[in-house]
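Close look at the chain arrangement
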Amino acid sequence: MRDLLFKNLTSSDKKRRIVACSEISDKQGIRSVVHRHFVYIVREVKDTNTHRPESSLQIVRDRNTLEQREKFFCRLKGSILAVKNNKIFLIVFAHSLKICLTAIPQDSIPH
């Protein structure tokens, strides 16, 4: 079994785009849930001395053998300066990935 959910939200007035994707699948006695989330914000820069946000990377892994589950989380934040038509734009982004693996109880697996 595999379920997919996809969202693509674009806001032209706020210059923001959000893309989210979720996937749930049951395979070989393991349920995997994967969430991907991408956010982009674009702003025109009037002052060339504009402060860019600091980049960051966060990774967390959690394993619980008693509950037979494992989680992984990764978040990346950063920014890029881009030029188009002699205008400078600051693109701020955040990407995240969350993966959860859990064992499916044997009595709920169809034969």
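Quick note: structure is the one above.
In this report, the structure presented in the accompanying data block is examined.

The next subject is the state of the cysteines. Enumeration over the complete set of coordinates arrives at zero disulfides. Free cysteine: Cys-100, not disulfide-bonded; nearest cysteine sulfur from Cys-74 at 14 Å. Assessed through its relative accessible area of 15%, Cys-100 is described here as buried.

As for its placement among the helices and strands, Asn-64 is situated in strand 4 (residues 56-64). Judged by its relative accessible area of 18%, Asn-64 is buried.

A word on the side chain of Ser-22. Mapped onto the elements, Ser-22 comes out in strand 2 (residues 16-27). On the accessibility criterion, Ser-22 (17% relative accessible area) is buried. Within the structure, the side chain of Ser-22 is placed 2.8 Å from the side chain of His-35, a separation counted as a polar contact. Those residues in contact with Ser-22 that sit more than four places away from it in its chain are Asp-3, Leu-4, Leu-5, Val-34 and His-35.

The phi torsion at Gln-68 lies on the positive side, around 55 degrees, for a residue other than glycine. For Gln-68, a relative accessible area of 52% translates into the label exposed. Phi angles above zero are rare outside glycine, and Asn-85 is one such case at about 55 degrees. Looking at where Asn-85 falls in the secondary structure, it is placed in the loop between strand 5 (69-84) and strand 6 (87-103). Overall, Asn-85 belongs to the exposed group, its relative accessible area being 66%.

Procedures and definitions
- Residues numbered from 1 in each chain as written.
- Predicted model: local features only at pLDDT ≥ 70, side-chain atom pairs only at ≥ 80, totals over all residues.
- Heavy atoms only, no water.
- Disulfide = S-S within 2.5 Å.
- Buried < 20%, exposed > 50% of the residue type's maximum accessible area, 1.4 Å probe, protein only.
- Helix = DSSP H or I, 4+ residues; strand = E, 2+ residues; numbered from the N terminus.
- Polar contact = N/O pair within 3.5 Å; in protein donor to acceptor, adjacent residues only side chain to side chain.
- Contact = heavy atoms within 4.5 Å.

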